[in-house]
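What follows is the residue order along each chain.
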Amino acid sequence: AAHFASAVDGPTRKVSAKICGALAPRLAPEAAVTELSRLLATAGVGGSKAGGETHGRFEDQDGALRAAGYVAAAGGGGPGSSRTLTFPGDKIREALDVFAAVAGCKNPTLAGTAAEAVGHVGLSGLPDLPRAPVKDASGGAEGADKGADKEEEEEAPVGTMDLLIQRLSRVMTKLSDPGAQQRAARAAGDVVAGGCSPS
């Protein structure tokens, strides 16, 4: 099924990704972690590659993002995940970091696919993610003026709930692709429905 996740035909990629997620719990835990790692590497592990326009062939990256979202959701350990497969929490956080990085890319299709992957994991239950540290706004008048401009542009640290929210919001509001916007909105709803409880 993973082979077909990178098919040229979009509907084939979608169905193959769902099959990968359905089959993941039937793998040995080590094999499932290895498969998720392979999918994340193709999806764009390591923020700079993931945040680029594309990381390799578009169909490979899109299919790997889709499949990784379903596979990570199957082993996430939350209420909507598989009872037979549980990934280590660090692996799910790694997947979310990749999805957040790709959701920040300029390609609206890939950004929408990454947002959708966040939603799959969110629906099965996000791991506890830290919040970004609260910034002290008492920097004086000069610091406050500069801070107001920077606040909109400044991103939350990687691995935080705040970055996931920023990236989903960016796809919903800043991209001009209605399909990507809809997938990000659905993903946000899935995260809420999955019972996110930021620490």
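Predicted model, so just to flag it, every value in this text is computed and none were measured.

### A short note on the confidence of the model for the chain
Working step 1: Confidence along the chain averages 81 in pLDDT terms, with 77% of residues attaining 70 or more.
Working step 2: Scored below 50 in pLDDT, residues 47-53 makes 16 contacts in the model with residues more than four places away or belonging to other chains.

### Thoughts on the nonpolar core
Working step 1: Ranked by internal contacts, the top residues of the largest apolar core, which has 47 residues, are Leu-96 and Phe-99.
Working step 2: Contributing elements (two or more residues each) for this core: helix H1 (10-23), helix H2 (29-43), helix H4 (58-74), helix H5 (89-103), helix H6 (108-124), helix H8 (161-173) and helix H9 (178-193).
Working step 3: The element contributing the most residues to this core is H5, with eight residues.
Working step 4: Every residue in contact with Leu-96, bar those within four places of it in the chain, is listed here: Val-118, Val-121, Leu-126, Pro-127, Leu-129 and Leu-164.

### Structural notes on the packing of H6 against H8
Working step 1: Contact geometry of H6 with H8 gives a least axis separation of 10 Å together with a crossing angle of 135 degrees. One element, H6, and the other, H8, form an angle in the oblique class. Of the two possible hands of crossing, H6 and H8 adopt the one that is left-handed. In this structure, H6 uses Ala-111, Gly-112, Ala-115 and Val-118 to contact H8, whose residues at the interface are Leu-164, Leu-168, Arg-170 and Val-171.
Working step 2: Residues that form the contact of H6 with H8 fall into these classes: six nonpolar, one polar and one charged.

### Some points on the pattern of salt bridges
Where charged atoms from two side chains of opposite charge come close, those side chains can pair.
Working step 1: Summed over all chains, the structure comprises twelve salt bridges.
Working step 2: For Glu-94, the salt bridge is made with Lys-91, and the minimal N-O distance between the two is 3.0 Å. Taken as a pair, Glu-94 and Lys-91 lie in helix H5 at a separation of three residues, close to a single helical turn.
Working step 3: Of the residues examined, Glu-94 reaches a relative accessible area of 27% and is grouped as partly exposed.
Working step 4: On the accessibility criterion, Lys-91 (11% relative accessible area) is buried.
Working step 5: With a closest N to O distance of 2.6 Å, Arg-167 and Glu-155 form a salt bridge. Remark: Glu-155 occurs in the loop between helix H7 (140-153) and H8 and Arg-167 occurs in helix H8; sequence separation between them is twelve residues.
Working step 6: On the accessibility criterion, Arg-167 (11% relative accessible area) is buried.
Working step 7: Overlapping salt bridges, with partners in common, bring together Arg-13, Asp-62, Arg-66, Glu-116, Arg-183 and Arg-186 in one network.

About the thresholds
- Residues numbered from 1 in each chain as written.
- Predicted model: local features only at pLDDT ≥ 70, side-chain atom pairs only at ≥ 80, totals over all residues.
- Heavy atoms only, no water.
- pLDDT = per-residue confidence, 0-100.
- Contact = heavy atoms within 4.5 Å.
- Core = buried A, V, L, I, M, F, W, Y, C linked by side-chain atoms within 4.5 Å.
- Buried < 20%, exposed > 50% of the residue type's maximum accessible area, 1.4 Å probe, protein only.
- Helix = DSSP H or I, 4+ residues; strand = E, 2+ residues; numbered from the N terminus.
- Axes fitted to C-alpha atoms, helices over the stretch in contact; angles between N-to-C directions.
- Parallel < 35°, antiparallel > 145°, perpendicular 65-115°, else oblique.
- Left-handed = near helix turned anticlockwise from the far one by under 90°.
- Nonpolar A, V, L, I, M, F, W, Y, C, P; charged D, E, K, R; others polar.
- Salt bridge = Lys/Arg side-chain N within 4 Å of Asp/Glu carboxyl O.

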